[in-house]
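Residue-level structural notes
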Amino acid sequence: MAEVTWKSICLSVLDYKTKKYLIVHTRKLGLLYRAFQLAVLGYIVGWVFITKKGYQDTEDSIQSSVMTKLKGVTLTNSSTNGPRLWDAVDYVFPPQGDNVFFVITNLIQTPDQKLGHCPESSKVPDARCETDDDCNPQEAVVAGNGIKTGLCIKETSTCEIYAWCPIEKPSPPIHPTLGKAENFTVYIKNSVRFPKFSFSRSNVKDTGVYLKNCTYDKINHPYCPVFRLGDIVSQAGHDFQEMAVKGGVIGILIEWNCDLDKPYSKCIPKYSFARLDDNSNTTSGYNFRFAKYYKNISGEEYRTLTKVFGIRFDVLVNGKAGKFNIIPTIVNIGSGLALLGAGVFFCDLVLLYMMKKSTVYRARKFESVKKIKTSGTGKGDGKQITETQKLTSEA
């Protein structure tokens, strides 16, 4: 018996199984099958091919180059420096233009600083003292401006330091010095390339009169690469005058989504703006210091220290290009056909195992056909007799 069993198992490997089609007159199952087919077709056509453009080969490794140029002048009049005219050379860092640039909006200037002795600021914790013993000589003030001399100044209750004196003022002006910087404009030239398709494009459509007179507007001039700084900050959801006091970081986002099956002129960028720094605490803002050094007639060195506050603009470029290719088209069509086959499998499960007369359907569905003998005396006149065996008993 064991030999027969093992023999039948081995021989069953050589059996050929083919589908048997049954027409079952049940509206519920028919509606379920058609609904599944429509859902799969809607997914393939609507989502895969129309929305996601599954017939295209895509590339998102964009190569980008950015050049910026700022324009605008303003006049300030402070008690420290008097009237002063500011142009792009004075308020832009770095001056040559790049994908990151900084615009000064506020500043603290400490002119005529000379190396000498003066009291440290009372806002520096490490410099506070009551006696000379609290000021260790030759020790640098932590987060301060100089080196302790060993003396405690009673008037300020701080240590005397050797530094550039007088020391810097502790806080910026309440109102931004260059508040009119919101009217300055920046010209952003962005060139991109998708190496897989050898496709290059620039965001500058016209370098003539239009470019000299236009300013970016989301509705009227959506493709003009000249931006007003106040509009950039406003579209990022902030007020320029408030942000100009302590500074911040704004992202200028340029997105390229190019369908290369369409004309070259249809590949155009979209601009958006967002604040990138955290402005939810008291230490928010953006600033740095620099100094300009001079010598007087007697050869003594002095300097003007400037702490500048302002807005840093980061130009961020991303994108994707797509073009028709037969390979992804075939792959997605094949995936869709496989999903349609899954509908048949699912409906068969319902038919054979979940419906009331499932045993009857199984009896009609599965049959085993065996060749038992052949009769006849001559070539070509033989008759093949077959035996059909139900694999499941009829109910």
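Here's what I pulled together on the structure shown here. Here the structure is a predicted model, which means the values were calculated and not measured.

On to the overall build of the protein chain, then. On a plain count of helices and strands, the protein chain comes out with 8 helices and 17 strands. Excluding contacts between residues fewer than 6 apart, the proportion of contacts in the protein chain whose partners are at least 24 apart in sequence is 66%. Total accessible area computed for the protein chain in this model is approximately 25100 Å², and 56% of it derives from carbon and sulfur atoms.

A separate point is the nonpolar core. A general tendency of soluble globular proteins is for nonpolar side chains to be buried together. Counting residues in hydrophobic clusters, the biggest one holds 43 residues, and the most contacted among them are Tyr91, Leu229, Ile232 and Phe313. Elements that contribute at least two residues to this core include exactly strand 2 (63–71), strand 6 (100–119), strand 9 (185–194), helix 5 (229–235), helix 6 (240–246), strand 12 (248–259), strand 13 (269–275) and strand 15 (301–324). Ignoring any residue separated from it by four or fewer positions in sequence, one finds Ile232 in contact with Val186, Phe227, Ile250, Ile252, Phe273 and Phe313.

Right, let's talk about the packing of helix 7 (residues 326–354) against helix 8 (residues 358–365) for a bit. The N-to-C vectors of helix 7 and helix 8 enclose an angle of 115°; their axes lie 6 Å apart at closest approach. Contact residues: helix 7 offers Asp348, Leu351, Leu352, Tyr353 and Met354, while helix 8 offers Ser358, Tyr361, Arg362 and Lys365. Along the lines of polarity and charge, the residues of the contact of helix 7 with helix 8 split into 5 nonpolar, 1 polar and 3 charged.

Quick look at the pattern of salt bridges now. The tally for this structure, following the rule as stated, stands at 10 salt bridges. Residue Asp126 pairs with Lys148 through a salt bridge whose shortest N-O separation is 3.5 Å. Remark: Lys148 occurs in strand 7 (residues 147–153) and Asp126 occurs in the loop between strand 6 and strand 7; sequence separation between them is 22 residues. When the shortest N-O distance is used, the salt bridge between Asp314 and Arg312 registers 2.9 Å.

Next up on the list: the state of the cysteines. Across all of its chains, the model carries 5 disulfides by this definition. Disulfide partner of Cys135: Cys159, at an S-S distance of 1.9 Å. Here the disulfide of Cys135 and Cys159 is left-handed, its torsion about the S-S bond being about -85°. In this pair, Cys135 is assigned in the loop between strand 6 and strand 7 and Cys159 in strand 8 (residues 158–165), connecting sequence segments 24 residues apart. Pair check on accessibility: Cys135 and Cys159 agree, each one buried. The partner cysteine of Cys258 in its disulfide is Cys267, sulfur to sulfur 1.8 Å. Its torsion about the S-S bond being 40°, the disulfide of Cys258 and Cys267 is classed as right-handed.

There is a patch of nonpolar side chains on the surface, built from Phe324, Ile326, Ile327, Ile330 and Val331 and spanning about 510 Å² of accessible area. Here the nonpolar patch gets 4 residues from one element, more than from any other, and that element is helix 7. Structurally, Ile326 is set in helix 7.

Structurally, the position occupied by Arg275 is in strand 13. Residue class for Arg275 comes out buried when judged on its relative accessible area of 18%. Only 3.5 Å separates the side chain of Arg275 from the backbone oxygen of Gly247, close enough to count as a polar contact. Side chain to side chain, Arg275 and Asp277 meet in a polar contact 2.7 Å long.

Each value, and the rule that gives it
- Residues numbered from 1 in each chain as written.
- Predicted model: local features only at pLDDT ≥ 70, side-chain atom pairs only at ≥ 80, totals over all residues.
- Heavy atoms only, no water.
- Helix = DSSP H or I, 4+ residues; strand = E, 2+ residues; numbered from the N terminus.
- Contact = heavy atoms within 4.5 Å.
- Areas by Shrake-Rupley, 256 points an atom, 1.4 Å probe, with all protein chains shown as cover.
- Core = buried A, V, L, I, M, F, W, Y, C linked by side-chain atoms within 4.5 Å.
- Buried < 20%, exposed > 50% of the residue type's maximum accessible area, 1.4 Å probe, protein only.
- Axes fitted to C-alpha atoms, helices over the stretch in contact; angles between N-to-C directions.
- Nonpolar A, V, L, I, M, F, W, Y, C, P; charged D, E, K, R; others polar.
- Salt bridge = Lys/Arg side-chain N within 4 Å of Asp/Glu carboxyl O.
- Disulfide = S-S within 2.5 Å.
- Patch = residues over 30% accessible without salt bridge, like charges linked within 9 Å, V, L, I, M, F, W, Y side chains within 5 Å.
- Polar contact = N/O pair within 3.5 Å; in protein donor to acceptor, adjacent residues only side chain to side chain.

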